[in-house]
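A closer look at the structure
This is what each chain is made of:
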Amino acid sequence: FKVTMCRNVLLLGTMFSVMDSSTRAAPSFAATPLIGPFMKGAVCNTLGWFVAWPFEVLKSRVQGDTTGQLQRRTVMSLLSDTLRTEGIQGMWRGF
């Protein structure tokens, strides 16, 4: 639950922040029919998932743990363990 909440907060926070910023920075592009909303949504969602992906990796590991040991660990301990064993590349595995 904790890892999922971190992922959701980062994903939605980044997505909506970038969406609001892009609308303010380029209002004419955002108002362009069809292509404006499509491109804005694509860029905002991609950036949101890029920021939240490390927590998606952790969430998948917790959900796939058959022993139940990972469910009792904190988000920070999961994060530090992954960084120590796999490096920064391990956080964006599958992106």
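Residues numbered from 1 in each chain as written. Predicted model: local features only at pLDDT ≥ 70, side-chain atom pairs only at ≥ 80, totals over all residues. Heavy atoms only, no water.

Along the backbone of the protein there are 4 helices and 0 strands. Sequence-ordered secondary structure for the protein, helices as α and strands as β, is α-α-α-α. Scaling as 2.2 N^0.38, a compact globule of 95 residues should have a C-alpha radius of gyration of about 12 Å, whereas the protein reaches 17 Å, well beyond that. Across its three principal axes, the protein shows a C-alpha extent of roughly 50 × 25 × 20 Å. At a minimum sequence separation of 6, the contacts of the protein that also span at least 24 residues come to 65%. Here the protein contributes 10 positive and 5 negative side-chain charges, whose respective centroids are spaced 3 Å apart. (Helix = DSSP H or I, 4+ residues; strand = E, 2+ residues; numbered from the N terminus. Rg over C-alpha atoms; globule rule 2.2 N^0.38 Å. Contact = heavy atoms within 4.5 Å. Lys, Arg positive; Asp, Glu negative; His and termini not counted. Charge placed at Lys NZ, Arg CZ, Asp CG, Glu CD.)

With respect to the helices and strands, the residue Thr14 is situated in helix H1 (residues 2-25). There is a polar contact of 2.8 Å between the side chain of Thr14 and the backbone oxygen of Leu10. Excluding residues that lie within four positions of it along the chain, Thr14 makes contacts with Leu47, Gly48 and Val51. (Polar contact = N/O pair within 3.5 Å; in protein donor to acceptor, adjacent residues only side chain to side chain.)

Right, let's talk about a nonpolar patch on the surface for a bit. A contiguous nonpolar surface patch, about 550 Å² in accessible area, is contributed by Phe29, Ile35, Phe38, Met39, Val43 and Leu47. A per-element tally of the nonpolar patch places helix H3 (residues 35-64) first, with 5 residues. Assignment of secondary structure puts Phe29 in helix H2 (residues 27-30). (Patch = residues over 30% accessible without salt bridge, like charges linked within 9 Å, V, L, I, M, F, W, Y side chains within 5 Å. Areas by Shrake-Rupley, 256 points an atom, 1.4 Å probe, with all protein chains shown as cover. Salt bridge = Lys/Arg side-chain N within 4 Å of Asp/Glu carboxyl O.)

A few words on the nonpolar core. Within soluble globular proteins, side chains that are nonpolar generally end up buried alongside one another. Of all hydrophobic cores here, the largest spans 8 residues; its members are Val3, Phe55, Leu58, Val62, Val75, Leu78, Leu79 and Met91. Looking at this core, the elements that each hand over two or more residues are H3 and helix H4 (75-86). (Core = buried A, V, L, I, M, F, W, Y, C linked by side-chain atoms within 4.5 Å. Buried < 20%, exposed > 50% of the residue type's maximum accessible area, 1.4 Å probe, protein only.)

Our next topic: the environment of Leu83. Structurally, Leu83 is set in helix H4. Leu83 sits 37 residues away from Thr46 along the chain, and the two C-alpha atoms are 23 Å apart. The residues contacting Leu83, other than those within four sequence positions of it, are Ile88 and Met91.

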